[in-house]
Amino acid sequence: MSAEAADREAATSSRPCTPPQTCWFEFLLEESLLEKHLLKPCPDPAPVQLIVQFLEQASKPSVNEQNQVQPPPDNKRNRILKLLALKVAAHLKWDLDILEKSLSVPVLNMLLNELLCISKVPPGTKHVDMDIATLPPTTAMAILLYNRWAIRTIVQSSFPVKQAKPGPPQLSVMNQMQQEKELTENILKVLKEQAADSILVLEAALKLNKDLYVHTMRTLDLLAMEPGMVNGETESSTAGLKIKTEEMQCQVCYDLGAVYFQQGSTNSAVYENAREKFFRTKELIAEIGSLSLHCTIDEKRLAGYCQACDVLVPSSDSTSQQLTPYSQVHICLRSGNYQEVIKIFTEDNLTFSLPVQFRQSVLRELFQKAQQGNEALEEICFKVCACNTVRDVLEGRTISVQFNQLFLRSNKEKIDFLLEVCSRSINLEKTSDSLKGNMAAFLKNVCLGLEDLQYVFMISSHELFITLLKDEERKLLVDQMRKRSPRVNLCIKPVTSFYDIPASASVNIGQLEHQLILSVDPWRIRQILIELHGMTSERQFWTVSNKWEVPSVYSGVILGIKDNLTRDLVYILMAKGLHCSTVKDFAHAKQLFAACLELVTEFSPKLRQVMLNEMLLLDIHTHEAGTGQSGERPPSDLISRVRGYLEMRLPDIPLRQVIAEECVAFMLNWRENEYLTLQVPAFLLQSNPYVKLGQLLAATCKELPGPKESRRTAKDLWEVVVQICSVSSQHKRGNDGRVSLIKQRESTLGIMYRSELLSFIKKLREPLVLTIIVSLFVKLHNVREDIVNDITAEHISIWPSSIPNLQSVDFEAVAITVKELVRYTLSINPNNHSWLIIQADIYFATNQYSAALHYYLQAGAVCSDFFNKAVPPDVYTDQVIKRMIKCCSLLNCHTQVAILCQFLREIDYKTAFKSLQEQNSHDAMDSYYDYIWDVTILEYLTYLHHKRGETDKRQIAIKAIGQTELNASNPEEVLQLAAQRRKKKFLQAMAKLYF
């Protein structure tokens, strides 16, 4: 016995029956247990899992003595692992359906490359340059397997994939998934570049007329032996699993057809190749029969491919009679022969051969073309819809909404066509009674739904209607029509002169009212109203639509107009103008308001001023929604008109509060602070609360750069807002004699309600004004006695630090207002770091730590080009960093806590060491060590891991300490650069977790 054999026997006799977890694959090989394991009914692990684990072990990179990562070594252990993976795949008979379903693209690529290698395919040689006919059978089969998988993978990658729902963010898992994704994309890129070569290889394989062989577990065992012991058996024609020529060609034809079909989306001529391959696949399946063990084709999918090819590329030798209805419809749609489509659909109503879903999809396609501006298709859409509706009726389904909409405006041509389709869709001699009953009920319902009597007579006098409905049913229908229109004398027999029956007055009024509702042309509205008033003097036409709304301050004046026509016209023009302004249709709103202004100027100075005010508001909205968004200042004329409105003192003019709001907000947004502080008339400050508020805000902005003692206006603004947020209290004696305190939510003590103040603020866009308001409310929020975590804000020091009567302030409402304001300001500018910090502080104060971290990180990212520059120290203050530390600590991310402790001006070693002692950490732990630049913390980590016996983690910490840029002897600039680089990488990694 050799020394090696003796060592192996000694090792075998000394090891336990159950192998250690780390070497179970070697145990399987040495004990020849792999085949037994695979033959179990439900082997655990499953075969495909074995392939993944074998290849993962074989592809693990090694680390040399200098801690440098090296490629996987080509040693005996790794060769054994690769061979084991190939043997498991051989056990699965190299079934690509199974392998593709369970293995990722990188793993299957590695497996098939190993198969090429062991099959003696020279590395670096293009497969297209090799003559498959002269290669050994197993080598040729390996090349075919690889190229089949290549084009199948390309086809599969073109299909949409539903993204898996991500779990909780874990840095290591995310990095692994990203690496696998990048690797898959790189492999796909290479496969697509080689796609033409793969297709040529497979086309060449179709010319082979000999059987091929694929490796089995036995032939792979023979290959693993010494070359002298093989005796050339693996290269002979009888080694391995036999694959018949027909089976191989069937699989190759199907895969080539799939790739040709996929390429057809960009080159329609290739569909011909796909059709040829798919129909050849069907022929080969018929030849092979159902006994084939090595040819698995999804025949349902193949049938779908063939049907699609029939439609896309009809056979050149087929006549129109031989074409399937699908192909005929498709050809007609492509050529624009829509009348033929209608004919096919009408004929199909007798045979029911086309699925309803297909007919509906054709109608949807026609609707889309019509909506894109092809008006000629509107009639075709109705005719196809009518055909589909008759089919639905015959099969007992409900009538679609589309048909009701298209049939809403009936005419003689539509009625004629519908009756023609109904007649051609039913064979009265052969059709069952149930189908006849369905058709009769449909025609009867159509009659009952029509308002125009001439169309009713067209249907009731038609031969089909008379045949399907009995005399009693027709009499009952006539009675129903009489009840609906008692003054019309209907007779059962056809009336020869029914085309001359005039439409009733009520129908004409209804049609005119419908036009009145839809029209936005002021001159057309005037014309319709004149016609309506000429037909009846009893109606008030301003009540036609409940959507026409005029503010109550105006409606009293308008409805007081004595002339009915003028009253209706003024009311409707104003209501439509206000609606158009609301939906931002400013052009039509301007036309309607101008027409209304011209009308009221003749008889009512009061309404004339009302219209001028509304046109001013419209011009403000037009500018703000247009050029104002790009920062262009409004014309001086508009600013003068706004001033004129604010200073207006006309008595008895009805005024809308929103116009005053918009005017003051307009002046603040365009920084007209000089006017608001110095030029506003005194009476305005007393009479208009919005002007008073605007004056205080403008003065505070103006005084802000000055010394703190000069900010008297800030104190006045503070007192006004505190009064608005105060609650009026009332004492009430209960039944038990006790006195209870009742708080009124909306205070009547201030110059306006809190809801009105909030509505006004949401009209502001000027950053400085918004910052002042937000800081005021933040300060008001912070003065509470029970507040634990203050919220920080810019300019917060300008406000008083106390309130004489704390109990009077509704702090709950203040907290809600702060949240609303911050949400609004971030909608105006989501990149304002000050507002982002406030939002983060709010989440921090309400114990929403993950959300708080998100906004703290976002605040740093927006002012540092996503951390590529240093975050300014006035953004990441010590208070912000400490709050980030607390968030991480409460989220059990203790390694992140230790790293953030380095960000403080004085490193908090106590907190860092305490957090590192925690063993229940939810972050990536040792993978964060590269972000630590403080050597003291790294040394403590080394000591800690040594104490716990964690050798691997200790080595990572030692490696981090050993980096030359962290050497304490380095210049200060080098150390700062090293710290800044680690800060950047850490904050970017944190952002990926929380964004």
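Residues numbered from 1 in each chain as written. Predicted model: local features only at pLDDT ≥ 70, side-chain atom pairs only at ≥ 80, totals over all residues. Heavy atoms only, no water.

Labelled according to an unreviewed UniProt entry, the protein appears under the name Integrator complex subunit 8 isoform X1, originating from Trichechus manatus latirostris.

Engineer: What is the right way to look at the overall build of the protein in this model?
Structural biologist: From N to C terminus, the protein includes 47 helices and six strands. Look at the contacts in the protein between residues 6 or more apart in sequence, and 66% of them connect residues 24 or more apart. In the form shown here, the protein has an accessible surface area of approximately 53,500 Å², with 51% of it arising from carbon and sulfur atoms. (Helix = DSSP H or I, 4+ residues; strand = E, 2+ residues; numbered from the N terminus. Contact = heavy atoms within 4.5 Å. Areas by Shrake-Rupley, 256 points an atom, 1.4 Å probe, with all protein chains shown as cover.)

Engineer: Looking at this structure, how should I read the environment of serine 158?
Structural biologist: Mapped onto the elements, serine 158 comes out in the loop between α8 (137-157) and α9 (171-193). Spatially, the C-alpha atom of serine 158 lies 7.9 Å from that of glutamine 262, the residues being 104 residues apart in sequence. At 2.6 Å, the side chain of serine 158 forms a polar contact with the backbone oxygen of valine 155. (Polar contact = N/O pair within 3.5 Å; in protein donor to acceptor, adjacent residues only side chain to side chain.)

Engineer: Sorry if this is basic, but what is going on with helix α10 (residues 195-205) here?
Structural biologist: Residue pairs three or four apart in sequence face the same way in an α-helix, which turns once every 3.6 residues. The complete set of buried residues in α10 reads Ala195, Ser198, Ile199, Val201, Leu202 and Ala205. The buried residues of α10 occupy an angular sector of 160 degrees when the element is viewed end-on, so they sit on one face. (Buried < 20%, exposed > 50% of the residue type's maximum accessible area, 1.4 Å probe, protein only. Arc of directions from axis to C-beta.)

Engineer: What exactly am I supposed to notice about the packing of helix α43 (residues 894-901) against helix α44 (residues 909-916) here?
Structural biologist: Between two packed helices, what matters for the description is the angle formed by their axes and the separation of those axes. Running from N to C, α43 and α44 cross one another at 160 degrees; their axes reach a closest spacing of 8 Å. Between α43 and α44, the angle falls in the class roughly antiparallel. Viewed along their axes, α43 and α44 form a crossing whose handedness is left-handed. Listed contacts from α44 to His894, Val897, Ala898 and Cys901 of α43 are Thr911, Ala912, Ser915 and Leu916. Considering only residue class, the contact of α43 with α44 consists of five nonpolar, three polar and no charged. (Axes fitted to C-alpha atoms, helices over the stretch in contact; angles between N-to-C directions. Parallel < 35°, antiparallel > 145°, perpendicular 65-115°, else oblique. Left-handed = near helix turned anticlockwise from the far one by under 90°. Nonpolar A, V, L, I, M, F, W, Y, C, P; charged D, E, K, R; others polar.)

Engineer: Just checking my understanding: could you explain the packing of helix α38 (residues 767-782) against helix α39 (residues 811-828) for this structure?
Structural biologist: Packing of α38 against α39 leaves a shortest axis separation of 9 Å and a crossing angle of 150 degrees. By the angle between their directions, the pair α38 and α39 is classed as roughly antiparallel. Between α38 and α39 lies a crossing whose hand is left-handed. Touching Leu770, Ile773, Val774, Phe777, Val778, Leu780 and His781 of α38 are Phe811, Val814, Ala815, Thr817, Val818, Leu821, Val822, Tyr824 and Thr825, all from α39. Considering only residue class, the contact of α38 with α39 consists of 13 nonpolar, three polar and no charged.

Engineer: Honestly, the nonpolar core in this entry has me stumped. Any pointers?
Structural biologist: The tendency in soluble globular proteins is for nonpolar side chains to be buried as a group. Leu646, Phe777 and Tyr876 are the most contacted members of the largest nonpolar core, which has 162 residues in total. Once you skip the residues sitting within four places of it in the chain, phenylalanine 777 turns out to touch Val721, Cys725, Leu757, Ile761, Val814, Thr817, Val818 and Leu821. With 76 residues, the next largest nonpolar core counts Leu55, Leu144, Ala258 and Tyr305 among its residues. (Core = buried A, V, L, I, M, F, W, Y, C linked by side-chain atoms within 4.5 Å.)

Engineer: So what exactly am I meant to see when it comes to empty space enclosed by the protein here?
Structural biologist: Overall, the coordinates contain five cavities of 30 Å³ or more when judged by the stated rule. Here the second largest cavity is characterised by a volume of approximately 70 Å³. Contributions of two or more residues to the lining of the second largest cavity are made by α43, α44 and α45 (935-948). No other element matches α45, which puts four residues into the lining of the second largest cavity. Its residues assigned to classes, the lining of the second largest cavity comprises five nonpolar, five polar and two charged. (1 Å grid on protein atoms, 1.4 Å probe; cavity = no way out; pocket = protein on both sides within 12 Å on 5 of 7 lines; lining within 4 Å. Points joined across faces, edges and corners; volume = space filled by probe spheres on them.)

Engineer: What should I look at first to understand α38 in this one?
Structural biologist: The terminal C-alpha atoms of α38, which comprises 16 residues, lie 22 Å apart, in line with the 22 Å expected from a rise of 1.5 Å per residue. Of all 16 residues in α38, 14 are buried, a share of seventy percent or more. (Expected span 1.5 Å × (residues − 1).)

Engineer: In this structure, what is going on with the packing of aromatic side chains? I would like to understand it.
Structural biologist: Geometrically, a pair of aromatic rings is defined through the distance of the ring centres and the angle of the planes. Applying the stated criterion to the full structure yields 24 aromatic pairs. Taking the centre distance of 6.0 Å and the plane angle of 75 degrees together, the rings of phenylalanine 844 and tyrosine 849 count as edge-to-face. Classification of phenylalanine 844 as buried rests on a relative accessible area of 3%. Looking at tyrosine 849, the relative accessible area reads 16%, which means it is buried. Both rings, one in phenylalanine 866 and one in phenylalanine 867, keep their centres 5.7 Å apart while their planes meet at 55 degrees; by these two values the pair is tilted. Take phenylalanine 866: its relative accessible area is 34%, and that puts it in the partly exposed class. Grouping aromatic residues by their ring pairs yields a cluster made of Tyr254, Phe261, Tyr271, Phe278 and Tyr305. Its guanidinium or amino end placed over the ring of phenylalanine 382, lysine 414 lies 5.1 Å from that ring's centre, counting from NZ or CZ. (Phe/Tyr/Trp six-rings, centres within 6.5 Å; stacked < 30°, edge-to-face > 60°. Lys NZ or Arg CZ within 6 Å of the ring centre and 35° of its normal.)

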